Amino acid sequence: MKIDGNFITPPETHVWGNMVVAGRLELGPGSTVGGFIEAESIVVGHDVKIKGPVRVLETATICDNASLHSIKAGGNVTLRPGVDVGAVNSDETIFVYGKVTSERLFGRAVKVYGT
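Residues numbered from 1 in each chain as written. Predicted model: local features only at pLDDT ≥ 70, side-chain atom pairs only at ≥ 80, totals over all residues. Heavy atoms only, no water.

Peer 1: Would you mind going over the overall build of the protein chain with me for this structure?
Peer 2: When helices and strands are counted, the protein chain shows zero helices and 16 strands. Taking 13 Å as the expected radius of gyration for a compact globule of 115 residues, we find that the protein chain reaches 13 Å, a close match to that expectation. Along the first, second and third principal axes, the C-alpha set of the protein chain runs to 35 × 25 × 20 Å. Going through the 115 residues of the protein chain one by one, you find that 41% of them count as buried. Look at the contacts in the protein chain between residues 6 or more apart in sequence, and 0% of them connect residues 24 or more apart. By element, 54% of the accessible surface of the protein chain is carried by carbon and sulfur atoms, the whole surface being about 5,900 Å². In the protein chain, the 11 positive side-chain charges and the 12 negative ones have mean positions that sit 5 Å from each other. (Helix = DSSP H or I, 4+ residues; strand = E, 2+ residues; numbered from the N terminus. Rg over C-alpha atoms; globule rule 2.2 N^0.38 Å. Buried < 20%, exposed > 50% of the residue type's maximum accessible area, 1.4 Å probe, protein only. Contact = heavy atoms within 4.5 Å. Areas by Shrake-Rupley, 256 points an atom, 1.4 Å probe, with all protein chains shown as cover. Lys, Arg positive; Asp, Glu negative; His and termini not counted. Charge placed at Lys NZ, Arg CZ, Asp CG, Glu CD.)

Dropping the structure here:
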């Protein structure tokens, strides 16, 4: 799926393949993506499952209990409580709020808030 511009999905949207979004992508709560995602920036709603890697040029915000393969971001990455993600690579800061599960967090800085 290729989108020229910004794209906002409603809750429980299911995309079987890859997503390439020229602008900002906002995935509604409970959505799934079967492939990879490329976008300028992304907001992943709570309880979203993404089976492929996520690559964004700017910022990524991952909400509560989302499950992702991996993240590569050019800007800041925010991880909310309950996030389960493979490797997270950021050219800027990774903000971790609460308990998350990750293979590796690699950024200019990693800031952890809460327990």
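Peer 1: Even after reading the chapter, I still don't get the packing of aromatic side chains, so can you show me in this structure?
Peer 2: Here the distance between the centres and the angle between the planes together describe a pair of aromatic rings. Counted by the stated rule, this structure contains two aromatic pairs. Judged by centre distance (6.5 Å) and plane angle (15 degrees), the ring pair of Phe 95 and Tyr 113 falls under stacked. Residue Phe 95 is found in strand β14 (residues 93-97), and its partner Tyr 113 is found in strand β16 (residues 109-113); the two are separated by 18 residues along the sequence. On the accessibility criterion, Tyr 113 (36% relative accessible area) is partly exposed. (Phe/Tyr/Trp six-rings, centres within 6.5 Å; stacked < 30°, edge-to-face > 60°.)

Peer 1: Any chance you could explain the sheet that holds strand β12 (residues 77-79) here in plain terms?
Peer 2: By way of backbone hydrogen bonds, the strands of a sheet pair with one another, either parallel or antiparallel. Taken in spatial order, the seven strands of this open sheet run β2-β5-β8-β10-β12-β14-β16, and their pairing is parallel. The outermost strands of the open sheet, each flanked by one partner alone, are β2 (7-8) and β16. Two strands pair when backbone bridges link them, and β2 and strand β5 (residues 24-27) are joined in this way by two bridges, in the parallel orientation. In the sheet register, Phe 7 faces β5, and the bridge partner there is Leu 25. (Pairing = 2+ DSSP bridges.)

Peer 1: For this particular structure, what's the right way to read the pairing of β14?
Peer 2: Within a regular beta strand, the side chains point alternately toward one face of the sheet and then the other, so they alternate between its two faces. The buried fraction of β14 is high, at four of five residues. Both β12 and β14 contribute to a ladder of three bridges, which runs parallel. Across the sheet, Thr 78 pairs through a bridge with Phe 95, a residue of β14. Of the pairings in the sheet, the one linking β14 to β16 comprises five bridges and is parallel in character. Within the sheet, the bridge partner assigned to Thr 93 lies in β16 and is Ala 109.

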